[in-house]
Each structure stands twice: as structure tokens, then as C-alpha cells.
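Given next are the chains, with one letter for each unit.
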Amino acid sequence: MSIFEYNGSALVAMVGKNCFAIASDRRLGVQLQTIATDFQRIFKIHDKLFVGLSGLGSDAQTLYQRLVFRHKLYQLREERDMKPETFASLVSAMLYEKRFGPYFVQPVIAGLGEDDKPFICTMDSIGAKELAKDFVVAGTASESLYGACESMFKPDMDHEELFETISQALVSSIDRDCLSGWGGHVYIVTPTEVTERILKGRMD
């Protein structure tokens, strides 16, 4: 078993019309044994920028704390919030500098940039970025997420339709992966508000 699969995870981000959604499962396991059913994988950097960290749970929490630290330094120096593109470059550089003993995480970054244009990207554990215009996935359920998102996604969805689409994709995908599941956690971000919703899924 790969170290990336040790705790199990499912992460997906999807863009809509001037909005985006980011969702994850809630299971924390040790291989096939479930330890917690309310594990947080998606973290808020500021009101229009979120990061999801799939992979090893302990590394995800460590990296998140370092990212918050670096973002606060940026805010003090620049007196503004970081753009999603800048933040993606920061995460990439932080992962790459640890490439000989990497954080075992696969980040998913989602944010609203200039003119509230949605930005999403993912990267591997040493910071090689993959940008997308529609959706990005990560974690142990990524194969089934690709299939579900590919068939359900359509461009320029409003925030309600986007919530419905990403929730259906997540729930149907984590049912096909025994290392992730136990419900879902969805954030829908528009220029004016952030909506957080908990999904109930199969509890096995």
C-alpha cells in the first residue's frame, strides 16, 4: 500500500460561473480501519481561497500550518490577500524544496482571482502543478471521481447547480472506494458568500 493511501481521501474542486466548489470525504482511516468520521481536509486561507490536502493526514495538517504562517507573513508585508495563482506557486515552491523528503500530500487549490474568475489547480507531492478549466481531483478515489466529474460537469453552472453536481460526483465516487467515504464536506464559494454543507453518505 502506498503511503498516500494510508489514511484514505477523496478531494474534488469544480468551477462554475464566477464561483467554485471544493469537496472532500470525511473519513480518516489507518489502512482499512476507520479512526474518525469528521476529518477536515479542506482549509480556508482567506474568504476567496481554499486548499484541500489529500494524502497522509499528519503531513496535511503540518503543511496547512506552514501555509497559514506564510500567508500571514504575505498579508503583513503586502497588506492584501494572496491571489490564487500566487498561492499555487507558493505551495509548489514549498513542496519542491522538500523534494528529497516530501510531504506526502496532493494539494487541490481553488480560489477566485481578479474579476472573480475561478482558478483551480492540483499538484503532486513535489509541487508539479496541473491547471484545469473545469475540475481537478485528488486522493484514493481519484479514478472514480474523474469518471463521475467527466460525465456530470458542464460549463457556467450557477452555485446551486454546481453544489448538486459536485455532491453527486463525490458521493457516487466514494461509494466505489473503500478507503474514503463516510459522508462529504462541500464548500461553495461565490464573490459574496461562502456556503459550507455536510453530506450524508453510506456509513460503511
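As shown above, the structure is provided for reference.
Residues numbered from 1 in each chain as written. Predicted model: local features only at pLDDT ≥ 70, side-chain atom pairs only at ≥ 80, totals over all residues. Heavy atoms only, no water.

Each helix and strand in the protein chain was counted, giving 4 helices and 12 strands. Here the C-alpha radius of gyration of the protein chain, 16 Å, is about what a compact globule of 204 residues would show, namely 17 Å. For the protein chain, the spread of C-alpha atoms along the principal axes amounts to about 45 × 40 × 25 Å. With 204 residues in all, the protein chain has 51% of them scored as buried. Partitioning the contacts of the protein chain with sequence separation of at least 6, the portion at a separation of at least 24 is 62%. For the protein chain, the accessible surface area stands at approximately 9800 Å², while carbon and sulfur atoms represent 49% of it. Looking at charge distribution, the protein chain has the averaged site of its 22 positive side-chain charges lying 5 Å from that of its 28 negative ones. (Helix = DSSP H or I, 4+ residues; strand = E, 2+ residues; numbered from the N terminus. Rg over C-alpha atoms; globule rule 2.2 N^0.38 Å. Buried < 20%, exposed > 50% of the residue type's maximum accessible area, 1.4 Å probe, protein only. Contact = heavy atoms within 4.5 Å. Areas by Shrake-Rupley, 256 points an atom, 1.4 Å probe, with all protein chains shown as cover. Lys, Arg positive; Asp, Glu negative; His and termini not counted. Charge placed at Lys NZ, Arg CZ, Asp CG, Glu CD.)

Below, the discussion takes up the environment of Ser 167. You can see Ser 167 is positioned in helix α4 (residues 159-174). Here Ser 167 falls in the buried class, since its relative accessible area comes to 8%. For the pair Ser 167 and Ile 198, spaced 31 residues apart in sequence, the C-alpha separation works out to 9.8 Å. Each residue touching Ser 167, except ones within four places of it in the same chain, is listed here: Val 186 and Leu 199.

With that settled, consider the sheet that holds strand β8 (residues 118-123). As summarised here, the arrangement of the 5 strands in space is β5-β6-β7-β8-β9, forming an open sheet in which the pairing is antiparallel. In the strand order of this sheet, the two ends are held by β5 (42-46) and β9 (129-132), each with one partner. The sheet shows a mean angle of 20° between the axes of neighbouring strands, direction not considered. Judged from the 5 bridges that link them, strand β7 (residues 105-112) and β8 form a sheet pairing that is antiparallel. Bridge assignment links Val 108 to a residue of β8, and that residue is Thr 122. Across the sheet, helix α1 (residues 57-78) is in contact with β5, β6 (49-55) and β7; its angle to β5 comes to roughly 5°. In this fold helix α2 (residues 84-97) packs onto β5, β6, β7, β8 and β9, with an angle of close to 165° to the strand it touches most, β7. (Pairing = 2+ DSSP bridges. Axes fitted to C-alpha atoms, helices over the stretch in contact; angles between N-to-C directions.)

Here we take up the sheet that holds strand β1 (residues 10-15). Note on sheets: strands pair through backbone hydrogen bonds, and any given pair is parallel or antiparallel. Sheet architecture is open: 5 strands sit in the order β10-β1-β2-β11-β12, paired in antiparallel fashion. The two strands at the open ends of the sheet, each matched to only one other strand, are β10 (135-139) and β12 (194-199). Taken over all neighbouring pairs, the strand axes of this sheet differ in orientation by 10° on average, direction set aside. Pairing geometry for β1 and strand β2 (residues 20-25), over 5 bridges, is antiparallel. Bridging across to β2, Met 14 finds its partner in Ala 21.

Attention shifts here to unusual backbone geometry. A positive phi is found at Glu 79, a non-glycine position, where the angle reads about 60°. Tracing the chain through its elements places Glu 79 in the loop between α1 and α2. Since its relative accessible area comes to 73%, Glu 79 is described here as exposed. At Trp 182, a residue that is not glycine, the phi angle is positive and equals roughly 60°. Structurally, Trp 182 is set in the loop between α4 and β11 (184-189). Assessed through its relative accessible area of 23%, Trp 182 is described here as partly exposed.

Looking now at the pattern of salt bridges. The full count for this structure, using the stated rule, is 8 salt bridges. The residue Arg 66 makes a salt bridge to Glu 97 at a minimum N-O spacing of 3.6 Å. Here Glu 97 lies in helix α2 and Arg 66 lies in helix α1, a separation of 31 residues in the sequence. Among the ionic pairs, Glu 161 bridges to Lys 154, the shortest N-O distance being 2.3 Å. A relative accessible area of 31% means that Glu 161 is categorised as partly exposed. (Salt bridge = Lys/Arg side-chain N within 4 Å of Asp/Glu carboxyl O.)

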